[in-house]
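Coordinates in review
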Amino acid sequence: MYKRQGPDGRYRFERVAAGTYRMMAQTDADSRGKRAAMNMKSVTVTSGTTSVVDFDESAGITVRGTLRRGRDPIPGASMMWVCGDASDLSNMRTASSDDSGRFEIRIEEPGACQVRVSARDASGGATRVVVPEGEDVELDVELPAGAIVGSVRDENGDPVDAAGVQAMPEGTTLTDMMMSGGAETDAGGSFRVEGLPPGTYRVVASKDGFAPSARSGVVLPESGEAPPVELVLRAGTTVRGRVVDPGGRPVAGALVFVAAAGSDQILANGLDAMTDRNGVFVIRGAPRGTLSAAALSDGLAPGVAEGWVPTESPDDDDVVVTVGRGGTLQVVVVGPDGRPRAGVATSLRAERFGILAAVARMSNLAGPSDANGRVVIGDLTPGDYTVLAPGAEGV
């Protein structure tokens, strides 16, 4: 749902179902030099009540600085900051650097932040910073020196240019995505993903018409560069399908993911598409063999279809994914003394491995618990889940 604020700065959403939601306020860039920015908050809506969420752009800390790689400023880059609990996207803010690498962003309170950078040349990186106390803070952001290099070739051994390459820490949580980096291959099929901290990564290459190729367990040492990674892209297949509601009616604007059966790697494989007004989607470059699909649509529980094989026929649907109303889970967070704990971010882990587990990580990150320790998580696909409170102590 989307609303523009009125002349008095107010907005209103009506007929909102009970549940925990993320609210996002986005400001556009203007001709006077103001840069685009985004602010997110969480709210729990209960039946028969009106919830109030204010976005106070004057509150918090103004952080100004220069974005750098080594000594060189990075101009025109997008920056995504998640401060505090990195698994809670209500803590996310965005900013961009100008032509000299300078940026400005508003942070609610001092503390640790993860910063994800995407540069004009398709490079990027991630790092962690600590924002000190104060109303106006000067803080430069410098990307780490770590890099993963390698090449991408097709099954004939020829270099593949303009392939997208992403290096992501092992695992597929949104916190992991914050610390990922990306690049494109050059004419010789070579790539260099820069700005990465030490750790163990999964490296994925993708390009239209090819099935993604991945290498797990790539170790980036403290010294700053991992051994070269060689990836081979093989011709993929085209998947056609539809997303419908429980009554069989088409669902437009649903986000659809496809992955190999049993895999939960959907965030980095690039196999996604939006449905058109007839609920139809087309994904090119899917791997051959048995596949799974998942569909996400606002206000509906995610739909999952597992264990099917593409027909490779332009006239037939390979799969139909049904999204529904789903269920609602109410959680009360308490401390060791049995009293409710406010401000604790929660998430869900699906006990069934595969694409449902990946969808649960993406779509069911709830906002922080309210003053009564309560979190309401709605639109859940039927299944068994474990409720997590990552980073919370004494819960």
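Residues numbered from 1 in each chain as written. Predicted model: local features only at pLDDT ≥ 70, side-chain atom pairs only at ≥ 80, totals over all residues. Heavy atoms only, no water.

**As for the state of the cysteines**
By the definition in use, this model includes 1 disulfide. Bridging Cys83 to Cys113, the disulfide has an S-S length of 2.0 Å. Handedness of the Cys83-Cys113 disulfide follows from its S-S torsion of about 105 degrees: it is right-handed. Of this pair, Cys83 sits in strand 5 (residues 78–83) while Cys113 sits in strand 8 (residues 111–118), placing them 30 residues apart in sequence. Assessed through its relative accessible area of 11%, Cys83 is described here as buried. (Disulfide = S-S within 2.5 Å. Helix = DSSP H or I, 4+ residues; strand = E, 2+ residues; numbered from the N terminus. Buried < 20%, exposed > 50% of the residue type's maximum accessible area, 1.4 Å probe, protein only.)

**As for the packing of aromatic side chains**
Evaluated as defined, the whole model comprises 1 aromatic pair. Note on Trp81 and Phe103: the rings are 5.9 Å apart at their centroids and 50 degrees apart in plane angle, and the pair reads as tilted. With a gap of 22 residues between them, Trp81 in strand 5 and Phe103 in strand 7 (residues 102–107) connect regions that are remote in the sequence. The burial state of Trp81 is the same as that of Phe103; both residues are buried. (Phe/Tyr/Trp six-rings, centres within 6.5 Å; stacked < 30°, edge-to-face > 60°.)

**Digging into the sheet that holds strand 26 (residues 319–322)**
Here 3 strands make up an open sheet; going across it, the order is 23-20-26 and the pairing mixed. Two strands bound the open sheet, and with one partner strand each, they are strand 23 (280–286) and strand 26. Between one strand and the next, the sheet's axes are offset by a mean angle of 30 degrees, whatever the strand orientation. Here strand 20 (residues 237–244) runs beside strand 26; their pairing, made up of 4 bridges, is parallel. For Gly241, the partnering residue across the bridge sits in strand 26 and is Val319. (Pairing = 2+ DSSP bridges. Axes fitted to C-alpha atoms, helices over the stretch in contact; angles between N-to-C directions.)

**What about the confidence of the model for the protein chain?**
In regions of low pLDDT, the predicted coordinates are not meant to be interpreted in detail. Per-chain confidence: the protein chain averages 81 in pLDDT, with 80% of residues scoring 70 or above. Across residues 30–35 the pLDDT falls below 50, and counting only partners more than four positions away or on other chains, this stretch makes 12 contacts in the model. (pLDDT = per-residue confidence, 0-100. Contact = heavy atoms within 4.5 Å.)

**Some words on the nonpolar core**
Val63, Leu67, Met79, Trp81, Phe103 and Val141 are the most contacted members of the largest nonpolar core, which has 22 residues in total. Contributing elements (two or more residues each) for this core: strand 3 (61–69), strand 5, strand 7, strand 8, strand 9 (124–131) and strand 11 (141–143). If near-sequence neighbours (up to four positions away) are discounted, Leu67 is found in contact with Asp72, Pro73, Ile74, Ala77, Met79, Ser97, Gly101, Phe103, Val117 and Val141. Core analysis: the second largest hydrophobic core is formed by 20 residues, Ala295, Ala305, Val319 and Val323 among them. (Core = buried A, V, L, I, M, F, W, Y, C linked by side-chain atoms within 4.5 Å.)

**Let's talk about the environment of Ile61**
Its location among the elements puts Ile61 in strand 3. Accessibility expressed as a relative area gives 5% for Ile61, which makes it buried. C-alpha separation for the pair Ile61 and Glu108, spaced 47 residues apart in sequence, amounts to 6.0 Å. Among all residues touching Ile61, those that are not within four sequence positions of it are Ile105, Arg106, Ile107, Glu109, Pro110, Val131, Pro132, Gly134, Glu135 and Val137.

**Considering the sheet that holds strand 25 (residues 303–308)**
Taken together, the 4 strands give an open sheet; going across it, the order is 22-21-24-25, and neighbouring strands pair in antiparallel fashion. Strands at the two margins of the open sheet, each flanked by one partner only, are strand 22 (272–274) and strand 25. For this sheet the average axis-to-axis angle between neighbouring strands, irrespective of direction, equals 20 degrees. In terms of strand pairing, strand 21 (residues 255–260) meets strand 22 through 3 bridges, oriented antiparallel. Counterpart to Phe257 in the pairing with strand 22 is Asp272.

**Quick notes on unusual backbone geometry**
Even without being glycine, Ala162 reaches a positive phi, approximately 60 degrees. Tracing the backbone through its elements, the reader meets Ala162 in the loop between strand 12 (146–154) and strand 13 (164–169).

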